[in-house]
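Listed below are the residues making up each chain.
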Amino acid sequence: FKPIGEPHPADGRRSKPGADDTLKSDLQRIESILSQCSGLRLKYGFFLSHYQANAGDITASFSYKLSNMTDLPCWFDQEADHVTVQDMVRGIVQSAVFLLVLTKDVLTRKFTIFEIRAAVHLKKKIVVVHETDQRRASYAPFAELFEGAPE
């Protein structure tokens with residue numbers, strides 16, 4: 001991700017109106033939550049970020065397989081006891097790796113963008129997997145996966 005608000009190198013265009021405020025707001029919120037996270041230890045192998053409508057089933061499969069392979073649970077919202085913004089940030093803090101399931105429209109989702117920003121802010125290792133089967137509804141050509149995403 002290129003920082004929001006910076007001119008696009010190819011044409012000088014700027015981010016969508018209000019995007020700078022959203023980034024600043026997200027970072028302030030992340031910092032506020034992090035101030036309450038001191039002392040948290042590694043608990044999860046992977047934090048699984050996805051768009052439920054397009055990747056819920058495959059992400060559940062990732063959670064099961066990765067947990068069995070690593071003997072560490074994954075932080076997966078569909079299996080979490082609580083799913084608040086604070087819980088998501090804590091889950092990212094306590095995960096060794098941030099795994100993004102890149103599917104159609106995932107980068108237009110408010111909470112996915114928030115999770116990515118938190119992972120980048122925390123300098124987490126980020127692994128991206130994407131749907132390559134054109135028969136699946138979650139598939140989009142690679143270039144289209146970024147349409148509608150913040151710059």
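That block above? That's the structure.
Residues numbered from 1 in each chain as written. Predicted model: local features only at pLDDT ≥ 70, side-chain atom pairs only at ≥ 80, totals over all residues. Heavy atoms only, no water.

A. Representation of the overall build of the chain. A count of helices and strands for the chain gives four helices and four strands. In the chain, the order of α-helices and β-strands from amino to carboxyl end is α-β-α-β-α-β-α-β. In the chain, the share of contacts with a sequence separation of at least 24, taken over all contacts with a separation of at least 6, comes to 73%. A total accessible area of about 9,100 Å² is found for the chain, and carbon and sulfur atoms account for 51% of it. (Helix = DSSP H or I, 4+ residues; strand = E, 2+ residues; numbered from the N terminus. Contact = heavy atoms within 4.5 Å. Areas by Shrake-Rupley, 256 points an atom, 1.4 Å probe, with all protein chains shown as cover.)

B. Representation of helix H2 (residues 52–70) within the structure. With 19 residues, H2 extends only 24 Å from end C-alpha to end C-alpha; this falls clearly short of the ideal 27 Å at 1.5 Å per step. Approximately 35° is the largest bend angle found in H2, and it occurs at Ile58. Residues of H2 that are buried: Ala55, Gly56, Thr59, Ser63, Leu66 and Ser67. Considering only its buried residues, H2 is in contact with strand E1 (44–49), strand E2 (74–75) and strand E3 (95–102). (Expected span 1.5 Å × (residues − 1). Bend = angle between axes of the 7 residues up to and from the residue. Buried < 20%, exposed > 50% of the residue type's maximum accessible area, 1.4 Å probe, protein only.)

C. Main features of the sheet that holds E2. Strand order in the open sheet formed by four strands is E2-E1-E3-E4, with parallel pairing between adjacent strands. What marks the edges here is a single partner per strand, and that holds for E2 and strand E4 (125–130). Strands E1, E3 and E4 of the sheet are contacted by helix H4 (residues 110–121), whose axis makes an angle of about 145° with E3. (Pairing = 2+ DSSP bridges. Axes fitted to C-alpha atoms, helices over the stretch in contact; angles between N-to-C directions.)

D. Focus on H4. For H4, with 12 residues, the first-to-last C-alpha span of 16 Å sits near the 16 Å given by 1.5 Å per residue. Those residues of H4 lying buried are Thr112, Ile113, Phe114, Glu115, Ile116, Arg117, Ala118 and Ala119. Backbone geometry just after H4 places Lys123 at a positive phi near 55°.

E. Region of interest: the pairing of E3. Extensive coverage of E3 is indicated by the burial of seven of its eight residues. Where E1 meets E3, five bridges bridge the pair, whose relative direction is parallel. Paired with Phe47 across the two strands is Phe98, which belongs to E3. As judged from the six bridges shared by E3 and E4, these two strands associate in the parallel manner. Across the sheet, residue Val101 finds its bridge partner in E4, namely Val129. Taken together, E3, H4 and E4 constitute a β-α-β crossover, and its handedness is right-handed. (Right-handed = clockwise from strand over helix to strand, strands pointing away.)

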